[in-house]
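What follows is the residue order along each chain.
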Amino acid sequence: MVSNKTYVTEALILNHRDFGETDLLITLFTKLFGKVPVVARRAKMPNSKFSSGVQLLNRVQVSIGRGRNLDHMNECEIVDSFQGIKSDLALLSKGLFSSELVVNFIQDRTPNIQVFNALLKNLNDLEMQNNIEQSMIWFQLQLINFSGVLPEFIVCINCNENLQRMDHIFFPSIGGINCANCSDINLKDGVVILEESLGFLRHIQRMIRSSKSYLFDKNIDENTLKDLNRFLRIYLSYTAERQMKSTKFLDLVN
Amino acid sequence: MDYSGATPQVQRLIDEFGRLPGIGPKSAQRLAYYLIKMPEEISLNLAESILSVKNSIVLCSICFHITDTDPCNLCSNSYRDQTTICVVQQPLDLIALEKSGSYKGKYHVLHGAISPINGIGPDNLKIKELFLRLKNEDIDEVILATNLDVEGEATAMYINNLLASTGIKITIPARGLSVGGDLQYADEATLGRAIQGRQGI
Ligand SMILES: [Zn+2]
Ligand SMILES: [Zn+2]
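Analysis parameters
- Residues numbered from 1 in each chain as written.
- Chains lettered and ligands numbered in written order.
- Predicted model: local features only at pLDDT ≥ 70, side-chain atom pairs only at ≥ 80, totals over all residues.
- Heavy atoms only, no water.
- Pairing = 2+ DSSP bridges.
- Helix = DSSP H or I, 4+ residues; strand = E, 2+ residues; numbered from the N terminus.
- Right-handed = clockwise from strand over helix to strand, strands pointing away.
- Donors = N, O, S within 2.8 Å, 3.2 Å for Na, K, Ca; no water.
- Tetrahedral: all angles 85-135°; square planar, octahedral: opposite > 155°, others 65-115°.
- Buried < 20%, exposed > 50% of the residue type's maximum accessible area, 1.4 Å probe, protein only.
- 1 Å grid on protein atoms, 1.4 Å probe; cavity = no way out; pocket = protein on both sides within 12 Å on 5 of 7 lines; lining within 4 Å.
- Points joined across faces, edges and corners; volume = space filled by probe spheres on them.
- Nonpolar A, V, L, I, M, F, W, Y, C, P; charged D, E, K, R; others polar.

What follows concerns the pairing of strand β6 (residues 169-172) of chain B. All names here are of chain B. Strand direction decides the pairing type here: strand β5 (residues 141-144) and β6, joined by three bridges, are parallel. Residue pairing across strands places E141 opposite K169, the latter belonging to β6. The parallel pair β5 and β6 is bridged by helix α7 (residues 150-163), and the resulting crossover is right-handed. Sheet topology places β6 next to strand β7 (residues 199-200); two bridges connect them, and they run antiparallel. Residue pairing for β7: I172 is matched across the bridge by Q199.

Written out as structure tokens, the structure is:
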């Protein structure tokens, strides 16, 4: 039943915090309505109808009542609780990192079904232990793409010439790389990006531009993965204007 | 909410009440005006008891429970089982377990759970202190009685991983406690059964 007083949607549980003594304020990432804060009454009580449903990273079907200030949860049914992720600290730290990225990059109440699907795919990959490292990188690129801040990896940001196959210096402030002819000494805070990493990022950029789905069919060696993760972390904290809090735990258990 | 009509002092009192758990803006207002109408000696008693609690309370230097003597009564009670430590997130969890009357060993209060999204990692909890105790005390069993939510279970997993090589027996409360929800709100009978029927991981 959907009326103007209630709405029903699929959602992922991104975060929660105490709200009064026994309630929780849940950050839901709904498929149809985007990110929505919702009060789950008495969810801290063990016998509550919400306590198991509102666990972090759960995929749920929810019925939500519109409130004057805050919406509240009427029903919450688990579709997938991702037990595989939750029983492994390394996987859990990755899932929570992805989820924190969404909290920071997606505006409240702005539907974003592509990012919803990307996060869901990422969680499914973690659960199935399917190309975990590549899935993490792919998810982060999807997120920055659908947030409208995907940098340019294929051509020089100034003259549009194809970039040579070599290590380059990327500047977050211009969202790309200057070729040797266009190098600008006034640019600050450049990040070295290895030739192999750039090759992979170009591959993904082409996939995204042709709307093809990435099948994790590229082999990425350990060193390149490390470099990609380092690069993405710098770029994501630059665009979000803050460090993700969950990176500390991510680094501790991986 | 419209508070017009309250003097700045009254508004401050309302705001302070509003910080308390379970107190919404309406209740905060009600409490504040109730207090104003009270005889002066009663409100003085209240203010004094709040201050004296704050001044006399410390964390036990062994188990980190809230106490007015250090070590706390539980740590200095030699009749309790000295070989078992039950690890809980909050002092209120310890109190709930004590009320159940089903556990007679020692405790260790972590003061929270690992919560990566809130930037809370092992370093922000009394985990190092737990390992120090395990080194110095003669402990045979550690019960991981953290909350049955993602953060509580992650905390238990983290401690369990670090303990794996020590040979200390590690147990968790038996099933019967429902997923999610805070341990402190579980009913005494269920909690008692869960702690008595604890099982190895
Ligand atoms: Zn150029
Ligand atoms: Zn103590």
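From this point, the narrative continues.
All names here are of chain B. Surrounding the zinc ion (ligand 2) are the protein donor atoms C60 (SG), C63 (SG), C72 (SG) and C75 (SG), which sit 2.2 to 2.3 Å from the metal. Classification of the site at the zinc ion (ligand 2) rests on its four donor atoms, whose angles at the metal span 105 to 115°, yielding the label tetrahedral. Written as a sequence motif, the donor residues of the zinc ion (ligand 2) are C-x2-C-x8-C-x2-C. Taken as a pair, C60 in the loop between β1 (58-59) and β2 (66-67) and C72 in the loop between β2 and α4 (73-76) lie far apart in primary sequence, 12 residues in all. A relative accessible area of 0% means that C60 is categorised as buried. Judged by relative accessible area, which is 3%, C72 ranks as buried.

Attention now moves to the coordination of the zinc ion (ligand 1). Residues and elements named next belong to chain A. At 2.2 to 2.3 Å from the zinc ion (ligand 1) lie its protein donor atoms, namely C156 (SG), C159 (SG), C179 (SG) and C182 (SG). One can describe the site at the zinc ion (ligand 1) as tetrahedral: its four donor atoms subtend angles covering 104 to 113° at the metal. For the zinc ion (ligand 1), all donor residues lie on one chain, and their spacing in sequence is C-x2-C-x19-C-x2-C.

This part covers empty space enclosed by the protein. Counting across every chain of the model gives two cavities of 30 Å³ or more. Computed from the structure, the second largest cavity encloses a volume of approximately 30 Å³. Taken together, N15, L56 and L96 of chain A together with S115, P116, I117, N118 and E151 of chain B make up the lining of the second largest cavity. Its residues placed into classes, the lining of the second largest cavity shows four nonpolar, three polar and one charged.

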